[in-house]
Amino acid sequence: MAGFGVANERLRALEELEREIGASLQSAGSVILELSKEKPQERHLDRQAAQFGAAVAKVEAELSAQIRYLTQVATGQPHEGSSYAARKSCQLALNRLDYARRRLGELARACELMLEP
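Below, the structure is looked at part by part.

Cut-offs applied
- Residues numbered from 1 in each chain as written.
- Predicted model: local features only at pLDDT ≥ 70, side-chain atom pairs only at ≥ 80, totals over all residues.
- Heavy atoms only, no water.
- Helix = DSSP H or I, 4+ residues; strand = E, 2+ residues; numbered from the N terminus.
- Buried < 20%, exposed > 50% of the residue type's maximum accessible area, 1.4 Å probe, protein only.
- Contact = heavy atoms within 4.5 Å.
- Areas by Shrake-Rupley, 256 points an atom, 1.4 Å probe, with all protein chains shown as cover.
- Core = buried A, V, L, I, M, F, W, Y, C linked by side-chain atoms within 4.5 Å.
- Salt bridge = Lys/Arg side-chain N within 4 Å of Asp/Glu carboxyl O.

**Topic: the overall build of the chain**
- Within the chain, the secondary structure is distributed over 3 helices and 0 strands.
- Moving toward the C terminus, one meets the helices and strands of the chain in the order α-α-α.
- Considering the chain as a whole, with its 117 residues, one finds that 25% of them fall into the buried category.
- In the chain, of all internal contacts separated by at least 6 residues, the share reaching a separation of at least 24 is 81%.
- When the accessible surface of the chain is summed, it comes to about 8400 Å², and 55% of that surface belongs to carbon and sulfur atoms.

**Focus on the nonpolar core**
- Membership of the largest hydrophobic core comes to 20 residues, with the highest contact counts inside it found for Leu14, Leu17, Ile21, Phe52, Leu63 and Leu97.
- Of all the secondary structure elements, the ones that give two or more residues to this core are α1 (2-36), α2 (42-76) and α3 (84-115).
- For this core, the element with the most residues is α3, which contributes 9 residues.
- Not counting chain neighbours up to four residues away, the residues in contact with Leu97 comprise Leu14, Leu17, Glu18, Ile21 and Leu63.

**Here we look at the pattern of salt bridges**
- Enumeration over the complete set of coordinates arrives at 7 salt bridges.
- For the salt bridge of Glu18 with Arg96, the shortest nitrogen-to-oxygen distance reads 3.9 Å. Pair noted here: Glu18 is in helix α1 and Arg96 is in helix α3, with a separation of 78 residues, a long-range link.
- Judged by its relative accessible area of 42%, Glu18 falls in the partly exposed class.
- With its nearest N and O atoms 3.1 Å apart, the salt bridge here joins Lys37 to Glu34.
- Taking the relative accessible area as the measure of exposure, Lys37 reaches 44% and is therefore partly exposed.
- On the basis of relative accessibility, which here comes to 4%, the residue Glu34 falls in the buried class.
- The network of salt bridges with common partners includes Asp98, Arg101 and Arg102.

**A word on the side chain of Ser27**
- Position of Ser27 among the secondary structure elements: in helix α1.
- Assessed through its relative accessible area of 8%, Ser27 is described here as buried.
- Setting aside anything within four residues of it in sequence, one finds Ser27 in contact with Gln48, Gln51 and Phe52.

In structure tokens, the structure reads:
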């Protein structure tokens, strides 16, 4: 039964990660909105870009930790019953997070291009 506690903890971490991705997308949206103005406020742009960068770094670090954990579990744990549903759900969440991470990277690059003089 201890496996369910770890699995639930991991799923909560992924849900938090998903919220962090949403927050970073909001920061990126604010940057784009500000850039679309005739006279963007540089201070606001800097603050939102910094928030976006910090969120992306946090997401990337947590995704790496999740992947390391999954690698350890997949290679070193004895079988203790069926965990297919939980693993499938986790894998789907990781796929969504990987997609979001790639999209955030693309958005970051687009923002950087827009901020270049």
